[in-house]
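Descriptive structure summary
Listed below, chain by chain, are the residues.
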Amino acid sequence: MSGPEYIWDRQLVLVTGKGGVGKTTVAAALARAAQRAGRRVLLGEVTPDAKERSTLLELFGQPRPKGEAPVPLEDGLHGVRLTPSAGHRLFLRAALKVGMVADAAMRSAALNRFLMAAPAFPEIGTLYQLVFLLRSDRWDHIIVDLPATGHALGLVSLPRTVLRVVPVGMIGDAIREGLDAMTNPERGGAVVVTLPEDMPVTESLELAGGLSALSVPLRGMVLNQMPRQAFTAPQLSAVAAHLDGRDGSEPLLLGSREFRRLQRALRARERFRAEAGADVARTEVDLMDGSPSELVEQLAEVFSGPPVMASGGTA
Ligand SMILES: Nc1ncnc2c1ncn2[C@@H]1O[C@H](COP(=O)(O)OP(=O)(O)OP(=O)(O)O)[C@@H](O)[C@H]1O
Ligand SMILES: [Mg+2]
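The rules behind these values
- Residues numbered from 1 in each chain as written.
- Chains lettered and ligands numbered in written order.
- Predicted model: local features only at pLDDT ≥ 70, side-chain atom pairs only at ≥ 80, totals over all residues.
- Buried ≥ 20, exposed ≤ 12 C-beta atoms within 10 Å, placed from the backbone.
- Helix = DSSP H or I, 4+ residues; strand = E, 2+ residues; numbered from the N terminus.
- Pairing = 2+ DSSP bridges.
- Axes fitted to C-alpha atoms, helices over the stretch in contact; angles between N-to-C directions.
- Parallel < 35°, antiparallel > 145°, perpendicular 65-115°, else oblique.
- Contact = placed C-beta atoms within 7 Å.
- Nonpolar A, V, L, I, M, F, W, Y, C, P; charged D, E, K, R; others polar.
- Core = buried A, V, L, I, M, F, W, Y, C linked by C-beta atoms within 7 Å.
- Right-handed = clockwise from strand over helix to strand, strands pointing away.
- Left-handed = near helix turned anticlockwise from the far one by under 90°.

1. Here's the deal with the pairing of strand S4 (residues 77-82)
Counting buried positions along S4 yields six of six residues, so the element is predominantly enclosed. On S4, burial covers both faces: Leu 77, Gly 79 and Arg 81 on one face and His 78, Val 80 and Leu 82 on the other are all buried. Pairing of strand S3 (residues 71-74) with S4, which is carried by three bridges, proceeds in the antiparallel orientation. In the strand pairing of S4, Pro 72 is matched with His 78. In this antiparallel pair of consecutive strands, S3 and S4, the connection spans two residues, and Gly 76 shows a positive phi of 75°.

Structural data, given as C-alpha cells:
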C-alpha cells in the first residue's frame, strides 16, 4: 500500500481561488509543510511588477526582496516574485546570450510598453520565468501563489493561444515546457482555495471545472476559514427553530447573526463536500486566531497530514 499523498507533492503546485479566500496563506503553508518534510522548496508569487510589497514574502519577513532572483527565506525555503518583466529579461538574455544588451533593452520604456501591450505578453513573461526556474534542479517543489481567479486561467490558456501562432523556436519550446509542467499529472497541478459561503463555493467549483477543461490536474480543494462550532445537530435545529419562530416583539437572541453565519457556513460546507467530486482531495481548515505568519504555521500543520477525500476516508 502506498503512503498518503500530500497535495503539495508535485514539482509545480499552483494555488488559486478568488480574492481574499486565503491563497497566499495556503501557498505559504503548503511550502512550509513541504519544507518540514525535508524538501527544497521555492515559493513564488505572481505579481504584475516587483515594485509593490509582496504579501507572500512578507510572511517570511521579506516584503521587498532585492533583485529578481530567488532569495533564501529559511533553510530549504526560497522565495521569488514571478513578474512579466523578469521573464522577458530572462528571455532576452537567453535569446541574445549577452546580459548587458538585455538589461539595456529592458530599461527602454518604449520596449517595455510594447511587450506589455500585446495581450499574452505578460503571461508569457511570467511563464518564461517559471520555466527558467523549473529547469533548475535547486528545488523539489515550486509552489506558486496565483492572483485571483481570472488570471489563473490566463496563465494556462493564453500560452496555448500563443503556441498556435508561435509553435517553434525558443518561445514555443518554453511554452510547451511550461504547459507540460502545469498539465502533466506526474509533474504539477492546482490547489483551489475557497470559503464556506454560497457564492465562493459555487465559484470555486466553476474554477475547478475551468482548470479541468484546460487539462490542469486538480491536486485538491481547500475550504478555508470554517467557523468552529460546539453545537450538536439537535441543538443546531433547536436554536434555528427558535430564531425562525421568533415574532418581532421578542428580543434578538444574543449572537443570532453569528448563528446565521454559522448556518450558512455549514450549508456551504455540505455543498462543498457533496459537489467537489469523489476523486478530489479535500482539506477543511478552521477559522483560526493569530498573526498572518502564525496562521501559516497552523495551516502547515494541517497540510502535513493527508487530505480528506470526498468519500470521507483519507487519501
Ligand atoms: N484559516 C484562517 N483563519 C483565520 N484567518 C485566515 C485564515 N486563512 C487566511 N486568513 C486571513 O485572511 C486574510 C486573507 O488571506 P490571504 O491574504 O491569504 O488571502 P488571499 O486569497 O491571498 O487574498 P488576495 O486575493 O488579496 O491575495 C489574511 O489576513 C489571512 O491572515
Ligand atoms: Mg494573496
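Next comes the rest of the description.
2. Focus: the packing of helix H6 (residues 121-135) against helix H8 (residues 169-183)
Contact pair H6 / H8: the axes reach a minimum separation of 9 Å and the direction vectors enclose 75°. Classified by the interaxial angle, the pair formed by H6 and H8 is roughly perpendicular. Facing Ile 124, Leu 127, Tyr 128, Leu 130, Val 131 and Leu 134 of H6, the residues of H8 in contact are Ile 171, Ala 174, Ile 175, Glu 177, Gly 178 and Ala 181. Across the contact of H6 with H8, the residue classes tally to 10 nonpolar, one polar and one charged.

3. Some details on the nonpolar core
The biggest cluster of nonpolar side chains holds 76 residues, and the ones touching the most others in it are Val 15, Leu 30, Ile 143 and Val 191. If one sorts the elements of this core by residue count, helix H1 (residues 23-36) sits on top with eight residues. Setting aside its immediate chain neighbours within four residues, Ile 143 contacts Trp 8, Val 13, Val 15, Ala 27, Leu 30, Ala 31, Val 41 and Leu 43.

4. Structural notes on the pairing of strand S7 (residues 218-226)
Counting buried residues along S7, eight of its nine residues qualify, which places the element largely inside the surrounding structure. For strand S6 (residues 188-194) and S7, the ladder comprises five bridges, and the chain directions are parallel. By the bridge assignment, Val 192 is partnered in S7 with Met 221. You can see the chain leave S6, run along helix H9 (residues 198-213) and come back into S7, and the turn it takes is right-handed. Examined bridge by bridge, S7 and strand S8 (residues 281-286) share four bridges and lie parallel to one another. When the sheet's bridge partners are listed, Met 226 is paired in S8 with Asp 286.

5. Observations concerning the packing of helix H3 (residues 84-96) against H6
Between H3 and H6, the least distance of the axes is 7 Å, while the angle of their chain directions is 65°. Here H3 is positioned roughly perpendicular relative to H6, judged by the angle of their axes. Between H3 and H6 the crossing geometry is left-handed. Contacts between H3 and H6 involve Pro 84, Ser 85, Ala 86, Gly 87, His 88, Leu 90 and Phe 91 on the former and, on the latter, Phe 121, Pro 122, Gly 125, Thr 126, Leu 127, Tyr 128, Gln 129 and Phe 132. Classifying every residue of the contact of H3 with H6 by side-chain character gives nine nonpolar, six polar and no charged.

The analysis is restricted to geometry; functional conclusions fall outside its scope.
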